Structure formats: structure tokens, C-alpha cells
Amino acid sequence: MKPQQVAVGTSVGTSGRQKQREEEQSKSCVHAAWTTSFADGVALLRLPTSMSVSVIIKWGGQEYSISTLSEEDTVLDLKQSIKSLTGVLPERQKLLGLKVKGKPAEDNVKLGDLKLKPNTKIMMMGTREESLEDVLAPPPENDDVVNDFDIEEEVTEVENREENLAKIARRVKDYKVEELNTPRPGKRLLVLDIDYTLFDHKSCAETGQELMRPYLHEFLTSAYEDYDIVIWSATSMKWIDAKMKELGVTDNPNYKITFMLDSAAMITVHTPKRGVVEVKPLGVIWGKYSEFYNRKNTIMFDDIGRNFLMNPQNGLKIRPFMKAHLNREKDKELCKLSVYLKEIAKLDDFSGLNHKHWERYLSKKQNQ
């Protein structure tokens, strides 16, 4: 939108009446921020216009675009717009990462003060005021989980192909790892996915705690005794940071995260039967930290089995944690896996294990 332009001066020869009108017009604009330009002897006053704000809200596995607000609107105005799109009341909304001077933005903060870039993505926690029947309705299944495949038939064709190894070598060279804590000599390595492994990211809830997999902090506390812990999610680091903070993982006093990897550390591989898929090659970590981690001391949990295509022997396909509102009281997967990790930590070499049968291994050990 072009700024309004009003004449406040003119060329030589202007009448006294015209000057009087111009002076009155100028006084009425004394509080406006303005600049002048000259064309044909006329000065133009530019009245300020409010800049528009465009954001994308991520909630319930969907994205909602909002572009009807301005910098003069407040966080509450934004929440009202979100309500019209999602049905979530403003008082039930929690907007992750929306901060002013390091603190969560209050409802009265103007959007202009947040310095948001165009189409900034904001994750929202919140649940609608719905009937009990609606709340208990199952959320849509995750396409990745449903369409996952057994990797065994693809492994031989993918794991040792030169072009895939070359991609890993490039990630080792170019991908920058930001360490949160120094690797500890003598520790094994546990690599963890987030979505549906530690966190149900599509069900609706008011807080991250409601979507957190049961026994998460107990599991990480126990694992930290024997393993360095790395988080690897197929999303951007912005969302990884937000989720880990919301779950209380980042600053938990009982354990530490060594570093986190995002989708940029992944590679694409071509499979004979399934076409091109993205995977999480542990070779990226082994290449960067060869003095600490290798095939013999690394285990990786993920609900998507094909993420193990480049390192099938090191992957354990965890049961996905979905429909948190129904399963949070009965899911004990992390509790049982904590015992498994403790058992295999006694081994010097994991290469003889078949993590596909981890429950069988655990049962055998417990019966000895």
C-alpha cells in the first residue's frame, strides 16, 4: 500500500490564504513520523503506514497461514486469529518460541516488538473445547509410520553403495555439529528420534508434558549413566530446540544431551523397490567422532525403520507413541527399553546383537 501524500508547501507566488491552509494542515500532522520529497516545487508529507505481519501456525500436524495482522496488533489479536482457524481458545493456546527479551510474550505485546520475519513459523500447544467424544477420537495416522517398510530386503543394495558413502563423507565434512556437552570417553552412544519416539507431535494438548512419552526423564536419567545421548530428528533445529525445551530435556539436572542433529545431517538414498527415501546415517556421527563412537558401541531408536538403511545393525525400531490422550497411562516402552540398555551396556561390542529381538534378549537375561 502506498503512503498517503498531502501537499504542505508550494512554489513561489502562493497566496496568503493558501499558506494559512498549509500551516493548519502541517500542524495537524505534527505527531506523524514523516519525510519530505520535492517535485515541481511541492513538498510531500508521507503519512506512516503500519507494516503487515505474516506468520504460519503449526498445530496438530497442520499449518495455518495468517497474514491479516499488522505490527500494531497484539499477541492477543494473533491468538484470536488462531482461534478462528483452529477453534482453540486464546487462554488455551501456548505459542512456543514467541518471546521478548528472553521471556514469553504477554498478550498485550505488539507484534511489531517481536521482530518477526515474514512467514515465521510458530508452534502452538492447545486443545479445543470439544465434547468428550471428539477429544477421544483418534488423530490421523502418520503417513511415515503407516508407509514404513521392512528394511531387510533393501539393505544389501543400499548400505555399501559408493554414492551413498560419498554423501556421508560430505556430511562429515560440511555439517556443523554444535556440542551442548563434551563427549565422555568410554561411554556408549544412544541416538534418539523425537516424533512418536519421545513425543506424540500430532495429538492435541495444552502442554508438552501431556504429549511426552511416559517415563521419558527416568529413561534418559538411567541411559546417561552408560551412554552419551544424541537427539536426531527429521526436522529443523528450531523445532528440535523448541520441543526439547518444552519437554524439559534441555536443562534437566539428571542427564545431559551431548548434541542434536537435524534434517540437514540426513541423506537421500535410492532403493530398488521403494525409490528415493531419506535416512539417518550414523556414519555422519562416527566420521566426526571416531575417537568416541563406532558401530560396536552405538544404538539408535526410531519409530521409522527405513531411517536405519545405512546402519541396519545399529537400529532398534521402537513402537510409535501415538494417541497420547489414550495411551499415556499404559505405555511402558521406555521403561522396558531402559532395562535393555542397561543389560547391553555390559557388552564391549554390540555388533552381535539383533535389536529386532530386544524383548526376547531381555526376557532371556531376566530368566537366567
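- By the naming in an unreviewed UniProt entry, the protein chain goes by Ubiquitin-like domain-containing CTD phosphatase 1 and is assigned to Cirrhinus molitorella.
- Within the UniProt record for the protein chain, the comment given under Cofactor (unreviewed entry) is "Mg(2+)".
- Its UniProt record gives the protein chain the following Subcellular location (unreviewed entry) comment, quoted word for word: "Nucleus".

1. Here we look at the overall build of the protein chain
(1) Moving on: Scanning the protein chain from terminus to terminus reveals 13 helices and 16 strands.
(2) Moving on: For the protein chain, the residues scored as buried account for 44% of the 368 residues in total.
(3) Moving on: Restricting the contact set of the protein chain to residue pairs at least 6 apart, pairs at least 24 apart contribute 71%.
(4) Moving on: Put simply, the protein chain shows about 20,100 Å² of open surface, and 48% of that area lies on carbon and sulfur atoms.

2. A short note on the packing of helix H8 (residues 216-224) against helix H12 (residues 333-344)
(1) Moving on: With their axes 9 Å apart at the nearest point, H8 and H12 run at an angle of 5 degrees to one another. Classified by the interaxial angle, the pair formed by H8 and H12 is roughly parallel. Only Leu334, Leu337, Ser338, Leu341 and Lys342 of H12 make contact with H8, whose side of the interface consists of Leu216, Phe219, Ser222 and Ala223.
(2) Moving on: Among the residues making up the contact of H8 with H12, the classes are represented as six nonpolar, two polar and one charged.

3. Structural notes on the sheet that holds strand E4 (residues 52-59)
(1) Moving on: Spatially, the four strands line up as an open sheet ordered E5-E4-E9-E6, and their pairing is mixed. Since the sheet does not close on itself, it has two edges, and those belong to strand E5 (62-70) and strand E6 (94-96), each with one partner. Direction aside, the axes of adjacent strands within the sheet are offset by 35 degrees on average.
(2) Moving on: Note: E6 against strand E9 (residues 120-125), three bridges, orientation antiparallel. Counterpart to Lys94 in the pairing with E9 is Met125.
(3) Moving on: Lying on the sheet, helix H2 (residues 75-86) is in contact with E4, E5, E6 and E9; it crosses E5 at an angle near 135 degrees.

4. Focus on the pattern of salt bridges
(1) Moving on: For the structure on display, the rule yields 18 salt bridges.
(2) Moving on: Beyond isolated ion pairs, a larger network of salt bridges with shared partners links Arg319, Glu333, Lys336 and Glu359.

5. A closer look at the sheet that holds strand E11 (residues 227-232)
(1) Moving on: Within the open sheet, the five strands sit side by side as E12-E11-E10-E15-E16. Their pairing is parallel. Sheet topology places strand E12 (257-261) and strand E16 (315-317) at the edges, where each strand pairs with a single neighbour. Strand-to-strand twist in this sheet, taken as the mean axis angle between neighbours without regard to direction, amounts to 20 degrees.
(2) Moving on: With four bridges joining them, E11 and E12 adopt parallel strand pairing. Considered in E12, the bridge of Val230 is made with Phe259.
(3) Moving on: Along the sheet, H12 makes contact with strand E10 (188-192), E11, strand E15 (298-302) and E16, crossing E15 at roughly 165 degrees.

6. Considering the environment of Gly112
(1) Moving on: Looking at the secondary structure, you find Gly112 in the loop between strand E8 (103-104) and E9.
(2) Moving on: Residue Gly112 is classed as buried on the basis of its relative accessible area, which comes to 16%.
(3) Moving on: Here the alpha-carbon distance between Gly112 and Val75, two residues 37 residues apart in the chain, equals 9.9 Å.

7. Observations concerning the packing of H12 against helix H13 (residues 358-367)
(1) Moving on: For the pair H12 and H13, interaxial distance at closest approach is 10 Å and the crossing angle is 65 degrees. Taken as axis vectors, H12 and H13 run roughly perpendicular relative to one another. In terms of crossing hand, the pair formed by H12 and H13 is left-handed. On the side of H12, the interface is formed by Glu333, Lys336, Leu337, Val339, Tyr340, Glu343 and Ile344, while H13 contributes Trp358, Glu359, Tyr361, Leu362, Lys365 and Gln366.

Reading the values: the criteria
Residues numbered from 1 in each chain as written. Predicted model: local features only at pLDDT ≥ 70, side-chain atom pairs only at ≥ 80, totals over all residues. Heavy atoms only, no water. UniProt positions renumbered as here; feature names shortened; annotations may be inferred. Helix = DSSP H or I, 4+ residues; strand = E, 2+ residues; numbered from the N terminus. Buried < 20%, exposed > 50% of the residue type's maximum accessible area, 1.4 Å probe, protein only. Contact = heavy atoms within 4.5 Å. Areas by Shrake-Rupley, 256 points an atom, 1.4 Å probe, with all protein chains shown as cover. Axes fitted to C-alpha atoms, helices over the stretch in contact; angles between N-to-C directions. Parallel < 35°, antiparallel > 145°, perpendicular 65-115°, else oblique. Nonpolar A, V, L, I, M, F, W, Y, C, P; charged D, E, K, R; others polar. Pairing = 2+ DSSP bridges. Salt bridge = Lys/Arg side-chain N within 4 Å of Asp/Glu carboxyl O. Left-handed = near helix turned anticlockwise from the far one by under 90°.

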